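Residue-level listing of the chains:
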Amino acid sequence: MAKVSLRHVFKNYGDVKVVKDFNLEIADKEFIVFVGPSGCGKSTTLRMIAGLEEISDGEVFIGEKLVNHVAPKDRDIAMVFQNYALYPHMNVYENMAFGLKLRKFSKADIDKRVKQAGEILGLSQLLGRKPKELSGGQRQRVALGRAIVRDPAVFLMDEPLSNLDAKLRVQMRTELSKLHQRLQTTTIYVTHDQVEAMTMGDRIVVMKDGIAQQVAPPQELYDRPANVFVAGFIGSPAMNFLKGQIGTDAATFEGAGFTVNLPPALAAAAKPYAGKPMILGIRPEDVEADPAFVASHAGALVPTRIEVVEPLGSEIFLYLSAGDNQVTARVEPGLRFKANDNITIALHPEKLHLFDPVTEMAVR
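Since the model is a prediction, treat every value here as computed from it, not as a measurement.

Trainee: Any chance you could explain the sheet that holds strand E7 (residues 154-158) here in plain terms?
Mentor: Hydrogen bonds along the backbone pair up the strands of a sheet, which may run parallel or antiparallel. Spatial ordering of the open sheet is given by E6-E7-E8-E3-E9-E10, a layout of six strands whose pairing is mixed. The outermost strands of the open sheet, each flanked by one partner alone, are strand E6 (77-80) and strand E10 (211-216). On average, adjacent strands in this sheet sit at an angle of 15° to one another, irrespective of strand direction.

What follows is the structure in structure tokens.
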């Protein structure tokens, strides 16, 4: 087991800075997730920790050891890749044992480790099969098994579930979480899927353009996003953003055709912005279309037109236009709406967020 520290880490390809001044302290036994869009630098950061990419500047520690110039095989890490990277001519047992053989482990120790990993992962009955005889989920378990037998200080996982179908991904997310609870090995996991990040990570690192935008536990990211990017990236559907300005008394947000009363704490934070442009954020589940609720919330009403109604059984998504703003509402299935209806929605006042339109940082 080990903690991992990244201190002022940069990665440059010529004049292009792919990772910029990255700082992170990962605790022993922690499951931390790097999430962000393609090209944000998350896999590059993981590969620098693994030693597969050279660090342009900064320091990486695994435990108390500086590993900038330590070969990958000597870093006491095990990596699980997106494509499994199994040897097709070897059976499951041989695939899992191969790395141990290279490290000159005894036959008895190899046998013990492989069989223990097989039992943990439900592969005991499949040890004699070749990869082509396995399903995608079983192959992924073999790739995990090959990492587990190493008993490393740190697991590094680079989008390991992205090749699986949707149902199997959900199942494997649960399996990986159980595995971490059982093994308690420090784990760094890369994904572009924010649902994976939210359901698996003790903390999440949201990345954009090589910069860590926010590092926080999942619920904190959701409830208190640091900026517009995090607010829009975390959550599905994404947070709604409405353009407008703060009223001259800082007690209201004024958009095109609507005015929203700000709760006292948010109004206090908005005082420096009185009379200035602002972005109002609200999540789809905090937008109410129930006429009974709307009637009792006169201070936070927005007139809209329904563009699309998307029924999903347990809930309905309404895609609305409010002047130049687009708004998504998640509503109860019992409510009846149809496209082109004009309706008034209400915003939960205590769930409002404000963002500076210039810096895009949250106003608190």
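Trainee: Sorry if this is basic, but what is going on with helix H3 (residues 107-120) here?
Mentor: For H3, with 14 residues, the first-to-last C-alpha span of 20 Å sits near the 20 Å given by 1.5 Å per residue. Among all positions of H3, only Ile 110, Val 114, Ala 117 and Gly 118 are buried. Buried residues along H3 cover an arc of 105° about the axis, so they all sit on one side. Among the exposed residues of H3, those oriented more than 90 degrees off its buried face are Ala 108, Lys 112 and Glu 119. Gly 122 sits one or two residues past H3 and shows a positive phi near 70°.

Trainee: Would you mind going over the pattern of salt bridges with me for this structure?
Mentor: Think of it this way: side chains of opposite charge can pair up when their charged atoms draw near. Enumeration over the complete set of coordinates arrives at 14 salt bridges. Note that Asp 111 and Lys 115 form a salt bridge whose closest N and O atoms lie 3.2 Å from each other. A residue pair is termed a helical-turn pair when its members lie 3 or 4 positions apart in one helix, as Asp 111 and Lys 115 do in helix H3 at four residues. The class of Lys 115 is partly exposed, set by a relative accessible area of 45%. Counted as one network, the salt bridges with shared partners bring together Lys 11, Arg 47 and Glu 53.

Trainee: Quick question: what am I supposed to make of the packing of aromatic side chains here?
Mentor: Centre distance and the angle of the planes are the two values used to describe a pair of aromatic rings. Counted by the stated rule, this structure contains six aromatic pairs. A centroid spacing of 5.6 Å and a plane angle of 20° characterise the contact between Phe 229 and Phe 233, whose relative ring orientation is stacked. Of the two residues, Phe 229 and Phe 233 both sit in helix H8 (residues 228-233), four residues apart, roughly one turn of that helix. Residues Phe 229 and Phe 233 agree in their burial class; the two are buried. Residue placement shows Arg 283 over the ring face of Tyr 222; its charged tip is 3.9 Å from the ring centre.

Trainee: Quick question: what am I supposed to make of the sheet that holds strand E5 (residues 65-66) here?
Mentor: Read across the open sheet, the four strands follow the order E2-E1-E4-E5; overall the sheet is antiparallel. The strands lining the two open edges of the sheet, one partner per strand, are strand E2 (16-26) and E5. The sheet contacts of helix H1 (residues 42-50) involve strand E1 (4-13), E2 and strand E4 (57-62), and relative to E1 the element is tilted by about 115°.

Trainee: Explanation requested: the packing of helix H2 (residues 92-102) against H3 in the structure shown.
Mentor: How two helices pack is summed up by the angle between their axes together with the distance between the axes. Two elements in contact, H2 and H3, have axes separated by 10 Å at closest approach and are oriented at 135°. Taken together, the axes of H2 and H3 lie oblique to each other. The element H2 and its partner H3 pack so that their crossing is right-handed. Each of Tyr 93, Met 96, Ala 97, Leu 100 and Lys 101 in H2 lies in contact with H3, whose residues at this interface are Ile 110, Asp 111, Arg 113, Val 114, Ala 117 and Gly 118. By residue class, the composition of the contact of H2 with H3 is seven nonpolar, one polar and three charged.

Trainee: Explanation requested: helix H5 (residues 166-183) in the structure shown.
Mentor: Since the α-helix advances by 3.6 residues per turn, residues separated by three or four positions end up pointing in the same direction. Taking 1.5 Å of rise per residue, the 18 residues of H5 would be expected to cover 26 Å, and the 26 Å separating its terminal C-alpha atoms lies within 8% of that figure. Leu 168, Arg 169, Met 172, Arg 173, Leu 176, Ser 177, Leu 179 and His 180 are the residues of H5 that are buried. The inward-facing, buried residues of H5 contact strand E3 (31-35), H3, helix H4 (136-148), E7, strand E8 (186-191) and helix H6 (194-200). The residue sitting at the N-terminus of H5 and contributing the capping side-chain oxygen is Asp 165; that oxygen lies 3.2 Å from the backbone nitrogen of Lys 167. Positive backbone phi, approximately 55°, marks Gln 184, located one or two places after H5.

What counts and what doesn't
- Residues numbered from 1 in each chain as written.
- Predicted model: local features only at pLDDT ≥ 70, side-chain atom pairs only at ≥ 80, totals over all residues.
- Heavy atoms only, no water.
- Pairing = 2+ DSSP bridges.
- Helix = DSSP H or I, 4+ residues; strand = E, 2+ residues; numbered from the N terminus.
- Axes fitted to C-alpha atoms, helices over the stretch in contact; angles between N-to-C directions.
- Expected span 1.5 Å × (residues − 1).
- Buried < 20%, exposed > 50% of the residue type's maximum accessible area, 1.4 Å probe, protein only.
- Arc of directions from axis to C-beta.
- Salt bridge = Lys/Arg side-chain N within 4 Å of Asp/Glu carboxyl O.
- Phe/Tyr/Trp six-rings, centres within 6.5 Å; stacked < 30°, edge-to-face > 60°.
- Lys NZ or Arg CZ within 6 Å of the ring centre and 35° of its normal.
- Contact = heavy atoms within 4.5 Å.
- Parallel < 35°, antiparallel > 145°, perpendicular 65-115°, else oblique.
- Left-handed = near helix turned anticlockwise from the far one by under 90°.
- Nonpolar A, V, L, I, M, F, W, Y, C, P; charged D, E, K, R; others polar.
- Polar contact = N/O pair within 3.5 Å; in protein donor to acceptor, adjacent residues only side chain to side chain.

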